[in-house]
Every structure is written in C-alpha cells, then in structure tokens.
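# Chains, contacts and geometry: an overview
Listed here are the chains, written in short residue letters.
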Amino acid sequence: MKLLSYIKQWKSAAREAVAQASIAAQFLSFIHITDAYICSTTLVQGPSMLPTLNYSGDVVLIEHLSHRLGKLEPGDILLVRSPVDPKKIVAKRIVGMEGDRVTYLTEPSYSESSRTVLVPKGHVWIQGDNVYASADSRYFGAVPYGLIQGRAFLRVWPIGDFGYL
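Keep in mind that this is a model prediction, so the values were computed, not measured.

Criteria and thresholds
Residues numbered from 1 in each chain as written. Predicted model: local features only at pLDDT ≥ 70, side-chain atom pairs only at ≥ 80, totals over all residues. Heavy atoms only, no water. Core = buried A, V, L, I, M, F, W, Y, C linked by side-chain atoms within 4.5 Å. Buried < 20%, exposed > 50% of the residue type's maximum accessible area, 1.4 Å probe, protein only. Helix = DSSP H or I, 4+ residues; strand = E, 2+ residues; numbered from the N terminus. Contact = heavy atoms within 4.5 Å. Patch = residues over 30% accessible without salt bridge, like charges linked within 9 Å, V, L, I, M, F, W, Y side chains within 5 Å. Areas by Shrake-Rupley, 256 points an atom, 1.4 Å probe, with all protein chains shown as cover. Salt bridge = Lys/Arg side-chain N within 4 Å of Asp/Glu carboxyl O. UniProt positions renumbered as here; feature names shortened; annotations may be inferred. Polar contact = N/O pair within 3.5 Å; in protein donor to acceptor, adjacent residues only side chain to side chain.

### Thoughts on the nonpolar core
Ranked by size, the top nonpolar core spans 10 residues in total: Leu72, Leu78, Val80, Val90, Ile94, Met97, Val124, Ile126, Val143 and Ile148. Of all the secondary-structure elements, those providing two or more residues to this core are strand E3 (77–81), strand E4 (89–96) and strand E7 (123–127). What isoleucine 94 contacts, discounting residues up to four positions off in sequence, is Leu72, Glu73, Pro74, Gly75, Asp76, Leu78, Trp125 and Ile126. Val44, Met49, Leu53 and Leu79 belong to the second-largest nonpolar core, a separate cluster that totals nine residues.

### Here's the deal with a nonpolar patch on the surface
Nonpolar side chains collect at one region of the surface, where Ile33, Tyr37, Ile38, Leu65 and Leu69 lie side by side and expose about 480 Å² of accessible area between them. Broken down by element, the residue count for the nonpolar patch peaks at three residues, all from helix H1 (residues 2–38). By secondary structure assignment, the location of leucine 65 is in the loop between strand E2 (58–63) and helix H2 (66–69). Classification of leucine 65 by relative accessible area gives partly exposed; the value is 38%.

### Considering the UniProt feature "active site" (unreviewed entry) in the protein chain
UniProt tags Ser48 and Lys92 as "active site" (unreviewed entry). Spanning 45 residues, the annotated positions come together in the fold, the maximum distance between their C-alpha atoms being 7.7 Å. Tracing the chain through its elements places serine 48 in the loop between strand E1 (39–44) and E2. Among the residues examined, serine 48 registers a relative accessible area of 14% and is labelled buried. Contact partners of serine 48, with chain neighbours within four places excluded, come to Ala91, Lys92, Gly128, Asp129, Asn130, Ala133 and Ser134. A polar side-chain atom of serine 48 sits 3.0 Å from a polar atom in the side chain of lysine 92. Looking at where lysine 92 falls in the secondary structure, it is placed in strand E4. When neighbours within four sequence positions are excluded, lysine 92 is seen to be in contact with Ser48, Met49, Asp76, Ile77, Leu78, Ile126, Gln127, Gly128, Ser134, Ala135 and Asp136.

### Points about the pattern of salt bridges
For the structure shown, the criterion picks out four salt bridges. Put simply, aspartate 58 and arginine 155 hold a salt bridge, and the shortest N to O gap is 2.7 Å. Here the residue aspartate 58 occupies a position in strand E2, and arginine 155 occupies one in strand E9 (residues 148–157), the gap between them amounting to 97 residues. Its relative accessible area of 0% is what places aspartate 58 among the buried residues.

### Looking at the side chain of serine 134
Topologically, serine 134 is positioned in the loop between E7 and helix H3 (137–140). At 3.0 Å, the side chain of serine 134 forms a polar contact with the side chain of lysine 92. Polar contacts involving the side chain of serine 134 include one to the side chain of aspartate 136, which spans 2.9 Å. Not counting the four nearest positions on each side in its chain, serine 134 is found in contact with Ser48, Lys92, Gln127, Gly128 and Tyr139.

See below:
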C-alpha cells in the first residue's frame, strides 16, 4: 500500500512538472515569435546615419511586418543584411522604391558628378544620411526585399533622445 501511495504522489508531481514546462515552452515560443517576426530591439552604431542616429550607438525598436506586407516608403529607416558582408546588418534610409529614378552624387567628397539609376522591381535604393561616410546603394546597387530585416521606428536609448524616427 505504501508503494501505491508513493506512485500516486510521483504521478501527481510529474503531471504538475509537465504542465509547468508546457507553460514555460509556450511563453518562450511567444517571445521568439514576437522577436523574430513582429518587433525587436537592436543597437545601431556607426557614422553612416549621422545626424539621425548617434555614432556611439542608439537602441531602436525594429518592426518586422512592413517589408513583408509591402508597406515601406521613401524616408523609412531599414535594417538590411549587407550585400557585401552577409554577417553584418546595416541601417540605411530608403531613397527610392521599385520603379523610381534615383539621382545620386558618385563621389560627394571630390566632385559634383551625379548618376541616375532606375530601381529594379523587387528592390529598394538605400543610402545613409551621412553620404560622406556611408557604404550604401551607391556602391552595391539596389537592395532586394529579401535582404530587409525590418524597419526602425522608435529610438528607446539614450533616453534623452527617446522618440519616433
């Protein structure tokens, strides 16, 4: 009889442990889906987006839905997987959408010569706000939608600069 009592106790404890593990797994799944497919934070640093974003770094909120729904527009700040180095994610502003003609300075530091390009279907033209220190579409061409990771919409740190981008 004593053995039967212990088995019932262990069975009850095992059921509760499985129930708690299930709740934890659901919570972690929710966090992962939210982070990967809806909204996440990231640190953006470097000179290419000066003066909009700080050189030393800003923490921004990124939403991952606009580019999947085709709701991007010129002026939006994107996080894009670099076509030159796929290990890097870069932050740049949309200058042109598919079908747009974009005119840009070829060497802004040295001359006033410009070039006009037509942005191909399924691509966006991106440039950093600091044209003197930005590797962007002027160097690697238009970026396919598939490389877009998300759209930055809110600066959350430093707290003094908190606000929409």
